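# Tertiary structure, described
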Amino acid sequence: MGFEIKRRKTRTCMVGDRPVGGDHLVAVQTMTKTKTHDVEGTLAQIRGAQDRGVDIIRLACPDEKSADALPAIIEGSRVPIIADIHFAPGLALKALEAGVHCVRINPGNIKLALVQKIVALANDKGAAIRIGVNSGSIMPRKGLEVKTDMELEMADLMVDTAVQWCEQFDNWGFHNFKVSLKSSDVMTTVYTNREFAKKTDVPLHLGVTEAGMLQASTVKSSIGLGTLLQDGIGDTIRVSITGDPMDEVDVGYEILSALRLRKKNVEIVACPSCGRDEVDGGVETLARQVEERLRDYTGNITVSVLGCIVNGPGEAAEADLGIAGAKDAGYLFKGEHILRRVPNEKLVDEMMIELYKMEKERAAQQPETAGA
Ligand code: SF4
């Protein structure tokens, strides 16, 4: 037995054809950053994210013209669409009529009768609802003086609010929902989700809001989401980055792959480089070339990229293929075996040749395996 994360038992929420929770793989989400009424631009981003392996896409629906664009976007997307309407009940109804697979609402900001109307329509349409509770929309209770107490008090209030909404939705006979408890603070995110997870079986969407640009967000999300996921908590995730949604998908997969919750089809294991690095321009240049060449590769492969041969055979052993830099001509590995030395400028081309050879070998073995 190796290391294995024991996932929290939850009910399953269906977002279109994508199950969230239960025993299903943790879903990776991103959010489009185009104006939603720009159908072509939005679909271009959706297709880019689809190519990166995204499971579910959320888009903002802040106004009528965004809601009007939804049918064409849903039609053009292979993955389920969530419309984020925050606190505009009319837009939630319109988005559901348009056929979105889920609406994200913050029910605390909507009149109860209208929340009930949204829930009823979601039920009719077979759509899901994400109940969003954000620290920013929870008001601190009066009479609090000590900051740390206030933090805890607010965090508990977020949890209580979310639990109460779950009970309300269940009482209305609607069960196809999930919850997000979000904060820009990592500690609050971890605390609230842990507490919520103790109290219900409702699937959780994890994210740290306003996490910042690529580097800051990667750190905050890896700590916040990673801590929870390692506890078995979290059924769908979004890494919020001030930047490219493709990075959100890539970082999401990196987090899940580090915890062995999802496997990326292409894994590049690159050394960090040091004074022994003999690759022209450094190992980072070589790793980027490999990444670029494998961007559209749909098979499964692990490639190790090393700056020098010093630990080559050992470190390449766990990869399918490896390349290690050396003066003028680097080494090409298959598993722990050195295949040959190759002039540096041809290393990546030769690696690709070996990759396709490997594919042929695997394909040739398949009929025997099937018949065995
Ligand atoms: S593989 Fe070589 S270049 Fe890369 S970190 Fe190790 S010793 Fe340094």
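Think of each chain on its own: its residues are numbered from 1, step by step along the sequence as written. With the structure being a predicted model, the display of local features is reserved for residues of pLDDT at least 70 and the display and counting of side-chain atom pairs for 80 or more, all residues being used for whole-chain, interface and lining totals. As a convention, hydrogens and water are excluded, and side-chain values are obtained from all of the structure's heavy atoms.

## Comments concerning the domain arrangement of the protein
Taken domain by domain, the protein holds domain 1 (12-258) and domain 2 (266-363). Residue ranges labeled as domains rest on an automatic or database domain assignment. For domain 1 versus domain 2, the distance between C-alpha centres works out to 39 Å.

## Some words on the site of the ligand
Nearness is defined per residue: one heavy atom within 4 Å of the molecule or strand is enough. The environment of the ligand is made up of Cys271, Pro272, Ser273, Cys274, Asp277, Gly307, Cys308 and Val310. Residues are grouped as follows: nonpolar covers Ala, Val, Leu, Ile, Met, Phe, Trp, Tyr, Cys and Pro; charged covers Asp, Glu, Lys and Arg; every other residue, Gly included, is treated as polar. For the shell around the ligand, a count of residues per class yields five nonpolar, two polar and one charged.

## Overview of the sheet that holds strand E10 (residues 236-238)
What makes two strands pair is DSSP finding at least two bridges between them. Helix and strand definitions here come from DSSP, where helices need a minimum of 4 consecutive H or I residues and strands a minimum of 2 consecutive E residues; each element is numbered from the N-terminal end. An order of E3-E4-E5-E6-E7-E8-E9-E10 is seen for the eight strands of this closed barrel, with the pairing classed as parallel. Put simply, the sheet's adjacent strands are angled 25° from each other on average, direction ignored. The pairing of strand E4 (residues 56-60) with strand E5 (residues 81-86) spans four bridges and is parallel. Residue pairing across strands places Arg58 opposite Ile82, the latter belonging to E5. Comment: axis = line fitted to C-alpha atoms, over the contacting stretch for helices; angle = value between 0 and 180 degrees taken between N-to-C directions.

## Looking at the pattern of salt bridges
A pair is scored as a salt bridge if a Lys or Arg side-chain nitrogen falls within 4 Å of a carboxyl oxygen belonging to Asp or Glu. Per the stated rule, a full pass over the model turns up 26 salt bridges. With a closest N to O distance of 2.7 Å, Lys33 and Glu248 form a salt bridge. With a gap of 215 residues between them, Lys33 in the loop between strand E3 (27-31) and helix H1 (39-51) and Glu248 in helix H8 (residues 245-258) connect regions that are remote in the sequence. Each residue's exposure class comes from its accessible area (1.4 Å probe, protein chains only) as a fraction of the maximum for that residue type: buried when under 20%, exposed when over 50%, partly exposed otherwise. According to the relative accessible area criterion, Lys33 is partly exposed, its value standing at 35%. Classification of Glu248 by relative accessible area gives buried; the value is 0%. With its nearest N and O atoms 3.2 Å apart, the salt bridge here joins Lys125 to Glu97. Of the two residues, Lys125 sits in helix H4 (residues 112-125) while Glu97 sits in helix H3 (residues 89-98), which places them 28 residues apart along the sequence. When its relative accessible area of 41% is taken as the criterion, Lys125 is described as partly exposed. Connected via shared salt-bridge partners are Arg340, Glu350, Glu354 and Lys357.

## Regarding H1
Take the residue count of a helix, subtract one, and multiply by 1.5 Å to get its expected span. Counted at 1.5 Å a residue, the expected span for H1 with its 13 residues is 18 Å, and the 18 Å between its end C-alpha atoms agrees. Burial in H1 covers these residues: Thr42, Leu43, Gln45, Ile46, Gly48, Ala49 and Gln50. Contacts from the buried residues of H1 go to E3, E4, helix H2 (64-76), E5 and H8. One or two residues past the end of H1 sits Gly53, with phi positive at roughly 100°. Contacts were defined at the residue level, with two residues in contact if any of their heavy atoms lie within 4.5 Å.

## Concerning the confidence of the model for the protein
Keep in mind that low pLDDT regions are not for reading the predicted coordinates in detail. Each residue gets a pLDDT score, which is the predictor's confidence in that residue and runs from 0 to 100. In this model, the protein carries an average pLDDT of 91, and 94% of its residues clear a pLDDT of 70 or more. In this model, residues 140-146 is a region of pLDDT below 50 whose contacts with residues beyond four sequence positions or in other chains number seven contacts.

## Looking at the pairing of strand E13 (residues 321-324)
Every second residue of E13 is oriented toward a common face, with Leu321 and Ile323 on one face and Gly322 and Ala324 on the other, all of them buried. Bridge count for strand E12 (residues 301-306) against E13 is four bridges, and the pairing is parallel. When the sheet's bridge partners are listed, Leu306 is paired in E13 with Ala324.

## Focus on the side chain of Ser304
Relative to the helices and strands, Ser304 is located in strand E12. Taking the relative accessible area as the measure of exposure, Ser304 reaches 1% and is therefore buried.

## Thoughts on the sheet that holds strand E11 (residues 266-270)
Strand order across the open sheet formed by five strands is E11-E12-E13-E14-E15, with mixed pairing between neighbours. Two strands lie at the open edges of the sheet, namely E11 and strand E15 (337-343), each paired on one side alone. This sheet shows a mean twist of 20° between the axes of neighbouring strands, independent of strand direction. Here six bridges tie strand E14 (residues 329-334) to E15, and the two strands are oriented antiparallel to one another. Paired with Tyr331 across the bridge in E15 is Arg341.

## Observations regarding the side chain of Glu267
Relative to the elements of secondary structure, Glu267 occurs in strand E11. For Glu267, the side chain forms a polar contact with the side chain of Ser257, separated by 3.5 Å. What Glu267 contacts, discounting residues up to four positions off in sequence, is Ser257, Ile301, Thr302 and Val303. Any pair of N or O atoms that falls within 3.5 Å is considered a polar contact. Within protein, one atom must be able to donate a hydrogen and the other to accept it, and sequence-neighbouring residues count only if both atoms are side-chain atoms.

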